[in-house]
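Residue-level structural notes
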Amino acid sequence: MCESKVYVEENGEAKLIAEEVVYMKYEGDGYTIVRLGGETKKLSGYLLKDIDFLSHKVTLTKRK
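This write-up is about the structure you can find in this document. (Residues numbered from 1 in each chain as written. Predicted model: local features only at pLDDT ≥ 70, side-chain atom pairs only at ≥ 80, totals over all residues. Heavy atoms only, no water.)

With that settled, consider the overall build of the chain. Secondary structure assignment for the chain yields 0 helices and 6 strands. Start at the N end of the chain and walk to the C end: the helices and strands fall as β-β-β-β-β-β. Computed over the C-alpha atoms, the radius of gyration of the chain is 11 Å, within 12% of the 11 Å expected from 2.2 N^0.38 for a compact globule of 64 residues. A principal-axis box enclosing the C-alpha atoms of the chain has dimensions of 35 × 25 × 15 Å. Buried residues in the chain amount to 27% of all 64 residues. Within the chain, contacts between residues separated by at least 24 positions form 27% of all contacts whose residues are at least 6 apart in sequence. (Helix = DSSP H or I, 4+ residues; strand = E, 2+ residues; numbered from the N terminus. Rg over C-alpha atoms; globule rule 2.2 N^0.38 Å. Buried < 20%, exposed > 50% of the residue type's maximum accessible area, 1.4 Å probe, protein only. Contact = heavy atoms within 4.5 Å.)

Following this line, the structure appears as structure tokens:
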């Protein structure tokens, strides 16, 4: 399968906040992420920084 890991970048460091992410949707001022198995997490105040498809890594950064 192609699950991803989601990181939040703060102070120049990437912090892992979710693994086995299978769905991610932008909603207003942040994202809803869904993990394998259906667990949902909402992240407000973030912007997409980058996606590394080879490493299955999504990095978000705090909105300024």
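There is more to say, and it comes next.
For the rest of this paragraph, the subject is the side chain of Thr32. Structurally, Thr32 can be placed in strand β3 (residues 30-35). If we ignore the near neighbours within four places in the chain, the residues touching Thr32 are Tyr23, Met24, Lys25, Glu27, Thr40, Lys41 and Lys42.

This next bit is on the packing of aromatic side chains. For any pair of aromatic rings, the description consists of the separation of the ring centres together with the inter-plane angle of the planes. Applying the stated criterion across every chain, the model contains 1 aromatic pair. Between Tyr26 and Tyr31 the ring centres are 5.1 Å apart and the planes differ by 65 degrees, which places this aromatic pair in the edge-to-face class. For Tyr26, a relative accessible area of 41% translates into the label partly exposed. Sitting over the ring of Tyr7, Lys57 keeps its end group 4.9 Å from the ring centre. Above the ring of Tyr46, the side-chain terminus of Lys62 is found at 4.6 Å from the ring centroid. (Phe/Tyr/Trp six-rings, centres within 6.5 Å; stacked < 30°, edge-to-face > 60°. Lys NZ or Arg CZ within 6 Å of the ring centre and 35° of its normal.)

Looking now at the sheet that holds strand β4 (residues 40-44). On the basis of which strands lie adjacent, the open sheet formed by 6 strands has the order β4-β3-β2-β1-β6-β5 and mixed pairing. Lying at the two open borders of the sheet, with one neighbouring strand each, are β4 and β5 (46-52). Mean inter-strand twist for the sheet, computed between neighbouring axes without regard to direction, equals 45 degrees. Two elements, β5 and strand β6 (residues 57-62), share 6 bridges in a ladder whose sense is antiparallel. Each bridged residue has a counterpart across the sheet, and for Ile51 the counterpart in β6 is Val58. (Pairing = 2+ DSSP bridges. Axes fitted to C-alpha atoms, helices over the stretch in contact; angles between N-to-C directions.)

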